Amino acid sequence: GIGLAIAKAFVEHGARVIIGDLDTDIAAKAVKELGGPDKARAVKCNVTSDADVKALVDEAVSSFGSLDVMVNNAGITRDVTMKKMTEEQFDAVIAVHLKGAWNGTRRAAEIMREQGSGSIINISSTSGKTGVFGQTNYSAAKAGIIGLTKAAAKEVAAQGVRVNVIMPGLIRTAMTEAMPQHAWDQKMTEIPMKRIGEPSEIASVAVFYASQLSSYITGEVIEVSGGRSM
């Protein structure tokens, strides 16, 4: 959903892309959609593994010569009330979202500091701002990504590396379209713009953060939610 939309937008603006995914078949299909190996490459990557993430960023340098932008977008849900949530369900979501973003930010920053430039984009959620019933794990992870980003931004700013957050609201993806109708109806009442967001609308902000249009912005959060949590 959002990850592929961002990759497409980057390619449209002249970037070459490395896609990291646990599912190599889906990643290979995405590469074809993006124009083949001259435009994109796929790497099997578990973002909770530091070794996998290091291999991912190293592939960008070896394939295309540099690492200019890193988007940390991997995510899972294990929604259940705190009363019923298992430790494994909590740990899994924290590991993929928060540790995954930390792995990606840290490994990308190592390369970007040496280059003297780079943009790291971490994907949070309005769940991390307002909290969502049944998502103590997800909300905690998404809030943590904001704190991680702000701290990292302060550490690497002097070396020319920027770190920012996109905070999506309700966006049309396979995950959200699987929600029951009553959940959709409730969420729509909370959105002043009275419509769902599209993955391309997240991608547009990612392009802004990646480009020199945002050259004096770091440690910031752009919420893309149709005004849902104003």
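Treat the numbers as computed from the prediction; the structure is a model and nothing was measured.

Visitor: Help me out: how do you make sense of the overall build of the chain in this one?
Guide: Looking only at helices and strands, the chain has nine helices and six strands in total. Here the C-alpha radius of gyration of the chain, 17 Å, is about what a compact globule of 230 residues would show, namely 17 Å. Principal-axis analysis of the C-alpha atoms places the extent of the chain at approximately 50 × 35 × 35 Å. Residue pairs at least 24 apart in sequence account for 68% of intrachain contacts in the chain once pairs closer than 6 positions are excluded. Taking the 25 positively charged and 25 negatively charged side chains of the chain as two groups, their mean positions are separated by 3 Å.

Visitor: Sorry, what's going on with unusual backbone geometry here?
Guide: Where the residue is not glycine, phi is negative for most of them; where a peptide bond is considered, it is trans in most cases. Residues other than glycine seldom take positive phi values, yet Lys194 does so here, at roughly 60 degrees. In this structure, Lys194 sits in the loop between α8 (181-189) and α9 (199-210).

Visitor: Looking at this structure, how should I read the sheet that holds strand β6 (residues 221-224)?
Guide: Hydrogen bonds between backbone atoms are what pair the strands of a sheet, whose relative direction is either parallel or antiparallel. With parallel pairing, four strands are arranged side by side in an open sheet as β3-β4-β5-β6. Where the open sheet ends on each side, the last strands, each with one partner, are β3 (69-72) and β6. Between one strand and the next, the sheet's axes are offset by a mean angle of 20 degrees, whatever the strand orientation. Looking at chain direction, strand β5 (residues 161-168) and β6 are connected through four bridges and run parallel. Note that in β6 the partner of Met167 across the bridge is Glu223.

Visitor: Would you explain the pattern of salt bridges in this entry?
Guide: A pair can form between side chains of opposite charge whenever their charged atoms are brought close. Taken as a whole and assessed by the stated rule, the structure comprises ten salt bridges. Among the ionic pairs, Arg106 bridges to Asp50, the shortest N-O distance being 2.9 Å. Note that Arg106 is positioned in helix α4 (residues 87-115) and Asp50 in helix α3 (residues 50-64), a separation of 56 residues in sequence. Residue classification places Asp50 among the partly exposed positions, given a relative accessible area of 25%.

Conventions and cut-offs
- Residues numbered from 1 in each chain as written.
- Predicted model: local features only at pLDDT ≥ 70, side-chain atom pairs only at ≥ 80, totals over all residues.
- Heavy atoms only, no water.
- Helix = DSSP H or I, 4+ residues; strand = E, 2+ residues; numbered from the N terminus.
- Rg over C-alpha atoms; globule rule 2.2 N^0.38 Å.
- Contact = heavy atoms within 4.5 Å.
- Lys, Arg positive; Asp, Glu negative; His and termini not counted.
- Charge placed at Lys NZ, Arg CZ, Asp CG, Glu CD.
- Pairing = 2+ DSSP bridges.
- Axes fitted to C-alpha atoms, helices over the stretch in contact; angles between N-to-C directions.
- Salt bridge = Lys/Arg side-chain N within 4 Å of Asp/Glu carboxyl O.
- Buried < 20%, exposed > 50% of the residue type's maximum accessible area, 1.4 Å probe, protein only.

Taken by themselves, the reported measurements are silent on function.
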